[in-house]
Amino acid sequence: MILLVVTVFVFTYYPVARVQYREARDLARLENEFAALEARNVRLSKEVERLRTPEGVEDYARTRLGLVKRGESIAVVQGLPESMQPSKAKRPRIDSDYTPTGSDDQWTALLDFVFQVQ
């Protein structure tokens with residue numbers, strides 16, 4: 001009798017639990033995506049503020065567009081060993097996109113299998 005009650009409970013509750021679990025996973029995924037977009041928005045806002053200054057415009061024109069001031073000349077040296085090449089400062093690209101990757105733990109993998117979540 002107890003086995004019958006447990007079986008009926010499992011079969012009636014499983015669809016509800018499955019929908020609830022999927023909704024929770026979707027919510028967590030969307031919250032992570034939103035946080036990544038907010039961080040990207042902050043980075044882009046800082047880049048815009050930097051480019052609104054004369055120094056920022058000059059830096060952008062020199063480093064990304066290869067422009068020089070009037071009266072200056074540019075020299076391109078080819079064939080230098082890598083140890084003698086000037087180092088380029090690493091700056092985030094304006095259109096960069098960052099999406100954090102998280103690792104699922106064993107319980108999440110198990111629940112994904114049980115509730116058939118991809």
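Residues numbered from 1 in each chain as written. Predicted model: local features only at pLDDT ≥ 70, side-chain atom pairs only at ≥ 80, totals over all residues. Heavy atoms only, no water.

> Please explain the overall build of the protein as it appears in this structure.
In terms of helices and strands, the protein carries three helices and zero strands. For the protein, the residues scored as buried account for 9% of the 118 residues in total. For the protein, restricting intrachain contacts to residue pairs at least 6 apart in sequence, the fraction spanning at least 24 positions comes to 76%. A total accessible area of about 10,800 Å² is found for the protein, and carbon and sulfur atoms account for 61% of it. (Helix = DSSP H or I, 4+ residues; strand = E, 2+ residues; numbered from the N terminus. Buried < 20%, exposed > 50% of the residue type's maximum accessible area, 1.4 Å probe, protein only. Contact = heavy atoms within 4.5 Å. Areas by Shrake-Rupley, 256 points an atom, 1.4 Å probe, with all protein chains shown as cover.)

> Is there a simple way to explain a nonpolar patch on the surface in this structure?
On the surface, a cluster of nonpolar side chains totalling about 610 Å² of accessible area is made up of Ile2, Val6, Phe9, Val10, Tyr13 and Val16. Classification of Val10 by relative accessible area gives partly exposed; the value is 45%. (Patch = residues over 30% accessible without salt bridge, like charges linked within 9 Å, V, L, I, M, F, W, Y side chains within 5 Å. Salt bridge = Lys/Arg side-chain N within 4 Å of Asp/Glu carboxyl O.)

> Would you explain the packing of aromatic side chains in this entry?
The tally for this structure, following the rule as stated, stands at three aromatic pairs. Ring geometry for Phe9 and Tyr13: centres 5.7 Å apart, planes at 5°, overall stacked. Of this pair, Phe9 and Tyr13 both sit in helix H1 (residues 2-51), four residues apart, which is roughly one turn of that helix. Looking at Tyr13, the relative accessible area reads 41%, which means it is partly exposed. Pairwise contacts between aromatic rings join Tyr14, Tyr21 and Phe115 into one cluster. (Phe/Tyr/Trp six-rings, centres within 6.5 Å; stacked < 30°, edge-to-face > 60°.)

> Sorry, what's going on with the pattern of salt bridges here?
Pairing between side chains becomes possible if they bear opposite charge and their charged atoms approach one another. This structure, assessed with the given rule, holds eight salt bridges. Put simply, Asp112 and Arg25 hold a salt bridge, and the shortest N to O gap is 3.1 Å. On the criterion of sequence distance, the pair formed by Asp112 in helix H3 (residues 106-114) and Arg25 in helix H1 is long-range, its members being 87 residues apart. Looking at Asp112, the relative accessible area reads 11%, which means it is buried. For Arg25, a relative accessible area of 26% gives the class partly exposed. With its nearest N and O atoms 3.0 Å apart, the salt bridge here joins Glu58 to Arg62. Residue Glu58 and its partner Arg62 are located together in helix H2 (residues 54-63), separated by four residues, close to a single helical turn. Residue classification places Glu58 among the partly exposed positions, given a relative accessible area of 33%. Put simply, Glu58, Arg62, Lys69 and Glu72 are held in one network by salt bridges that share partners.

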